[in-house]
Amino acid sequence: MKPSLHDKLIQLSDRLEELNQLLSAEDSTRDMDNYRKLTREHAEIDAVVALFQRYQQVERDIATAKEMLGDPEMKVFAEAELEENQAKLETLELDLQKLLLPKDANDERNIYLEIRAGTGGDESALFAGDLFRMYSRYAERQGWKVEVVSHSEGEVGGFKEIIAQVIGSGAYSKLKFESGGHRVQRVPDTETQGRIHTSACTVAVLPEADEVSDVVLNPAELRIDTYRASGAGGQHINKTNSAVRITHLPTGIVVECQDDRSQHRNKAQAMSVLAARIKDQQLRAQHDKEAATRKSLIGSGDRSERIRTYNFPQGRITDHRINLTLYKIDAIMDGDLDELTQALSSQYQADQLAALGEQAA
């Protein structure tokens, strides 16, 4: 084990002892906010220290086995013990490294999911609708709630653009690698000669911003316009200026919201989306800075980057970032994304471990 990792684990062991004393003190619950903070820290550290104690026990077992190598009667047994425990030690060290990887502060947040039709005209809008259904079905499997913030329907169905809020624990951690270009290859319903067409959509997954602490929106830097929402005709057409468009002047980011009949609610929702987009811009700038030092395989969030191809005639989906191809397109389009999200998360974790190794080298 690297000395830096060992020192960190010793520090955490000492901190756990300190927390045990603080939490068992008679006046520990006098300040409930502080008590909850200490309890959360204890829960985070306890699992790491427990694993480190197992690691230390295996180290002691290895030392004992080495001592037995000098005894001819025990040599075969000692060699087998040594081999088994060395393998255990390597596994435990890797598990400890994973537990010590930096946590993404946004992982447990709700998200804003934005899907926009790209090249391909009507077929692209239909594919945007298919992607929205795919993510909605996945959210349903996770027990999350999906609320449409705004949408613009395509001429023959689907969406030119749709923005939805996905509310649920761990939404960002599961879907944060979905940002980028999604390409579809299939025969459109409107194609009479059976030719395969290629079209594309872009997906953006933005962690919901905490408006109080994450993004400060200066009213002087906002231009807020109200207008009549466009929609179906007849009795449902909007007769008041309830739709809201907010422009953030420093960045040029524009957000529109017209799905609610209340101007107040549309404005509140638009402000929330705006804060999420500004936060996302800050996160991507931070990532670009880090990527200049070390190229990351996934997680760039670049909207122009083609990350995945959905080939319907062949029944396959390929994620180009990790060279993963799955022949289960029907299941995936119905929201069975677990294999994809887990593979992406595992690769990201491997990238982080590699970076940790570079820093320690």
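Residues numbered from 1 in each chain as written. Predicted model: local features only at pLDDT ≥ 70, side-chain atom pairs only at ≥ 80, totals over all residues. Heavy atoms only, no water.

(A) Local environment of the sheet that holds strand E11 (residues 324-326). A sheet is described by the order of its strands in space; here 8 strands give the open sequence E2-E3-E1-E5-E4-E9-E10-E11, paired in mixed fashion. Each having just a single partner strand, strand E2 (145-153) and E11 make up the two edges of the open sheet. The sheet shows a mean angle of 15° between the axes of neighbouring strands, direction not considered. The sheet contact formed by strand E10 (residues 316-319) and E11 spans 3 bridges and is antiparallel. Residue Asp319 lies in a different strand from E11, and its bridge partner there is Leu324. Strands strand E1 (111-117), E2, strand E3 (159-167), strand E4 (180-186), strand E5 (197-207) and strand E9 (306-311) of the sheet are contacted by helix H4 (residues 122-142), whose axis makes an angle of about 110° with E4. (Pairing = 2+ DSSP bridges. Helix = DSSP H or I, 4+ residues; strand = E, 2+ residues; numbered from the N terminus. Axes fitted to C-alpha atoms, helices over the stretch in contact; angles between N-to-C directions. Contact = heavy atoms within 4.5 Å.)

(B) Geometry of the nonpolar core. In terms of nonpolar packing, the biggest core is built from 31 residues, with Ile115, Leu131, Met134, Tyr135 and Tyr310 touching the most fellow members. Elements with a minimum of two residues in this core: E1, H4, E3, helix H5 (171-175), E5 and helix H7 (329-333). The leading source of residues in this core is H4, at 8 residues. Cys257, Met271, Val273 and Leu274 belong to the second-largest nonpolar core, a separate cluster that totals 21 residues. (Core = buried A, V, L, I, M, F, W, Y, C linked by side-chain atoms within 4.5 Å. Buried < 20%, exposed > 50% of the residue type's maximum accessible area, 1.4 Å probe, protein only.)

(C) How the structure looks around helix H1 (residues 3-24). Taking 1.5 Å per residue as the helical rise, H1 with its 22 residues ought to reach 32 Å, and the 32 Å between its terminal C-alpha atoms agrees with that figure. Residues of H1 that are buried: Leu5, Leu9, Leu12, Ser13, Leu16 and Leu19. Taken down its axis, H1 places every buried residue within 125° of arc, on the same side. Opposite the packed face of H1, turned more than 90 degrees from it, sit the exposed residues Pro3, Gln11 and Gln21. Against helix H2 (32-68) and helix H3 (75-99) lie the buried residues of H1. (Expected span 1.5 Å × (residues − 1). Arc of directions from axis to C-beta.)

(D) Region of interest: the pairing of E9. Taking burial as the measure, the 6 residues of E9 include 5 buried ones, the bulk of the element. Pairing of E4 with E9, which is carried by 5 bridges, proceeds in the parallel orientation. Looking at E9, one finds that Gln185 is bridged to Asn311. Pairing of E9 with E10, which is carried by 4 bridges, proceeds in the antiparallel orientation. Counted as the bridge partner of Arg308 is Asp319 from E10. What sits between E9 and E10 in their antiparallel hairpin is a turn of 4 residues, with Gly315 showing a positive phi close to 65°.

(E) Fine view of the environment of Glu90. With respect to the helices and strands, the residue Glu90 is situated in helix H3. In this structure the C-alpha to C-alpha distance between Glu90 and Tyr55, which are 35 residues apart in sequence, comes to 9.2 Å.

(F) Spatial organisation of the pairing of E1. Burial within E1 is extensive, with 5 of its 7 residues counted as buried. Direction of pairing for E1 relative to E3: antiparallel, over a ladder of 6 bridges. For Ile111, the partnering residue across the bridge sits in E3 and is Val166.

(G) Just the packing of aromatic side chains, in detail. One pass over the structure, following the stated rule, counts 5 aromatic pairs. Plain terms: the ring middles of Phe52 and Tyr55 are 6.4 Å apart, the flat faces sit at 20° to each other, and that makes the pair stacked. Of this pair, Phe52 and Tyr55 are both found in helix H2, 3 residues apart, which corresponds to roughly one turn of the helix. Judged by relative accessible area, which is 2%, Tyr55 ranks as buried. Here the basic side chain of Arg186 rests over the ring of Phe312, its NZ or CZ set 5.0 Å away from the ring centre. (Phe/Tyr/Trp six-rings, centres within 6.5 Å; stacked < 30°, edge-to-face > 60°. Lys NZ or Arg CZ within 6 Å of the ring centre and 35° of its normal.)

(H) Fine view of the sheet that holds strand E8 (residues 253-257). The strand order across the open sheet formed by 3 strands is E6-E7-E8, and the pairing between neighbours is antiparallel. Taken across any chain shown, the strands that pair with only one partner, and hence form the sheet edges, are strand E6 (222-227) and E8. Recorded for the sheet is a direction-independent mean angle of 15° between the axes of neighbouring strands. In this structure, strand E7 (residues 243-248) lies alongside E8, joined through 5 bridges in antiparallel fashion. The partner of Ile246 across the bridge, within E8, is Val255.

(I) Highlighting H4. With 21 residues, H4 should reach 30 Å at 1.5 Å per residue; the first-to-last C-alpha distance of 31 Å fits that figure. Of all the residues in H4, the buried ones are Glu123, Ser124, Ala125, Phe127, Ala128, Gly129, Leu131, Phe132, Met134, Tyr135, Tyr138 and Ala139. Looking one or two places after H4, you find Gly143, whose phi comes out positive at around 80°.

(J) The packing of H1 against H2, seen in detail. The N-to-C vectors of H1 and H2 enclose an angle of 135°; their axes lie 8 Å apart at closest approach. As the angle between them shows, H1 and H2 are arranged oblique. Seen along the crossing, H1 lies across H2 with a hand that is left-handed. Side by side, H1 and H2 meet where His6, Leu9, Ile10, Leu12, Ser13, Arg15, Leu16, Leu19, Asn20, Leu22 and Leu23 of the first sit next to Tyr35, Leu38, Thr39, Glu41, His42, Ile45, Asp46, Val48, Val49, Phe52 and Gln56 of the second. In terms of residue class, the contact of H1 with H2 is made up of 13 nonpolar, 6 polar and 3 charged. (Parallel < 35°, antiparallel > 145°, perpendicular 65-115°, else oblique. Left-handed = near helix turned anticlockwise from the far one by under 90°. Nonpolar A, V, L, I, M, F, W, Y, C, P; charged D, E, K, R; others polar.)

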